[in-house]
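Listed below, chain by chain, are the residues.
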Amino acid sequence: MSDEENAEIAPPVALPAYVNDSLIMAIIKAHTVVEAETAALREQGTADLRAFEFRKSQALLELARASRTLLAPGGDGVRDVAVATELRRLRAALEANMQVLSLHLDAVREIAGMISQAMLEADSDGTYSLDHARVRP
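None of these values were measured; they are calculated from a predicted model.

Moving on, we get to the overall build of the protein. Scanning the protein from N- to C-terminus turns up 5 helices and 0 strands. Helices and strands appear in the protein in the N-to-C order α-α-α-α-α. Here the protein, with 137 residues, has 25% of them falling under the buried criterion. Counting contacts in the protein only where the partners sit at least 6 residues apart, residues at least 24 apart contribute 73% of the total. When the accessible surface of the protein is totalled, it reaches about 10,100 Å², and 59% of it is carbon and sulfur.

Set out below in structure tokens:
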């Protein structure tokens, strides 16, 4: 069911202010960390991924704690409009982050393959290479 359909069936209900505030702050924090990592990867390509991994894990933990009262009874979705908006922004940031991380992983795999191949070629004395295995007339 789409967000628009869900909004028509279940009108927004007000969460207690402290829940809404803590939840939105947790979402914004997660969004900020993800965007910072994405920007660092795009700009310098040598970002400290361990630091970002830790920060994202902390943000996820805070988000999980703050979201315990997020779902409406029955688990049929987010009913607070502000929370749903921030979650959509976070989702978009996560998708962009995933694309950039995927590019970096592909590059690492390619470089690792090239290094591995070079090491194999350097260690080989040529005995089992295709050139020596061919029968020459």
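The rest of the description comes next.
The next point concerns the nonpolar core. Core analysis: the largest hydrophobic core is formed by 10 residues, namely Leu-23, Ile-24, Ala-26, Ile-27, Ala-30, Ala-59, Leu-63, Ala-66, Val-83 and Leu-90. Every element with two or more residues in this core is listed here: helix 2 (17-43), helix 3 (49-66) and helix 4 (81-123). Element by element, the count of residues in this core is highest for helix 2, at 5 residues. Sequence-distant contacts of Leu-90, defined by excluding residues within four places in its chain, comprise Ile-27, Ala-30, His-31 and Leu-63. Ala-40, Leu-41, Ala-47 and Val-100 belong to the second-largest nonpolar core, a separate cluster that totals 5 residues.

Further remarks concern the side chain of Asn-97. Here Asn-97 is to be found in helix 4. Taking the relative accessible area as the measure of exposure, Asn-97 reaches 4% and is therefore buried. A polar contact is formed between the side chain of Asn-97 and the side chain of Glu-37, at a distance of 2.8 Å.

Attention now moves to helix 4. The first and last C-alpha atoms of helix 4 sit 62 Å apart over 43 residues, in line with the 63 Å expected at 1.5 Å per residue. Listing the buried residues of helix 4 in full gives Val-83, Ala-84, Glu-86, Leu-90, Ala-93, Asn-97 and Val-100.

What follows is about a nonpolar patch on the surface. Taken together, the side chains of Ile-111, Ile-115 and Met-119 define a hydrophobic patch exposed on the protein surface, amounting to about 300 Å² of accessible area. Within the secondary structure, Ile-115 sits in helix 4. The exposure class of Ile-115 is partly exposed, given its relative accessible area of 47%.

So, about helix 3. Between its first and last C-alpha, helix 3 extends 25 Å over 18 residues, near the 26 Å set by a 1.5 Å rise per residue. Taken together, the buried positions of helix 3 are occupied by Phe-52, Ala-59, Leu-63 and Ala-66. The buried residues of helix 3 occupy an angular sector of 65° when the element is viewed end-on, so they sit on one face. Structural note: helix 3 exposes Arg-50, Glu-53, Phe-54, Leu-60 and Arg-65 on the side pointing more than 90 degrees away from its buried face.

Quick look at the side chain of His-31 now. On the secondary structure map, His-31 appears in helix 2. The exposure class assigned to His-31 is buried, which follows from its relative accessible area of 6%. Aside from chain neighbours lying at most four places away, what touches His-31 is Arg-89, Leu-90 and Ala-93.

It is worth spelling out the pattern of salt bridges at this point. Under the definition given, this model contains 4 salt bridges. Its salt-bridge partner being Glu-62, residue Lys-29 comes within 2.7 Å of it at the nearest N-O pair. Residue Lys-29 is located in helix 2, and its partner Glu-62 is located in helix 3; the two are separated by 33 residues in the primary sequence. According to the relative accessible area criterion, Lys-29 is partly exposed, its value standing at 35%.

The rules behind these values
- Residues numbered from 1 in each chain as written.
- Predicted model: local features only at pLDDT ≥ 70, side-chain atom pairs only at ≥ 80, totals over all residues.
- Heavy atoms only, no water.
- Helix = DSSP H or I, 4+ residues; strand = E, 2+ residues; numbered from the N terminus.
- Buried < 20%, exposed > 50% of the residue type's maximum accessible area, 1.4 Å probe, protein only.
- Contact = heavy atoms within 4.5 Å.
- Areas by Shrake-Rupley, 256 points an atom, 1.4 Å probe, with all protein chains shown as cover.
- Core = buried A, V, L, I, M, F, W, Y, C linked by side-chain atoms within 4.5 Å.
- Polar contact = N/O pair within 3.5 Å; in protein donor to acceptor, adjacent residues only side chain to side chain.
- Expected span 1.5 Å × (residues − 1).
- Patch = residues over 30% accessible without salt bridge, like charges linked within 9 Å, V, L, I, M, F, W, Y side chains within 5 Å.
- Salt bridge = Lys/Arg side-chain N within 4 Å of Asp/Glu carboxyl O.
- Arc of directions from axis to C-beta.

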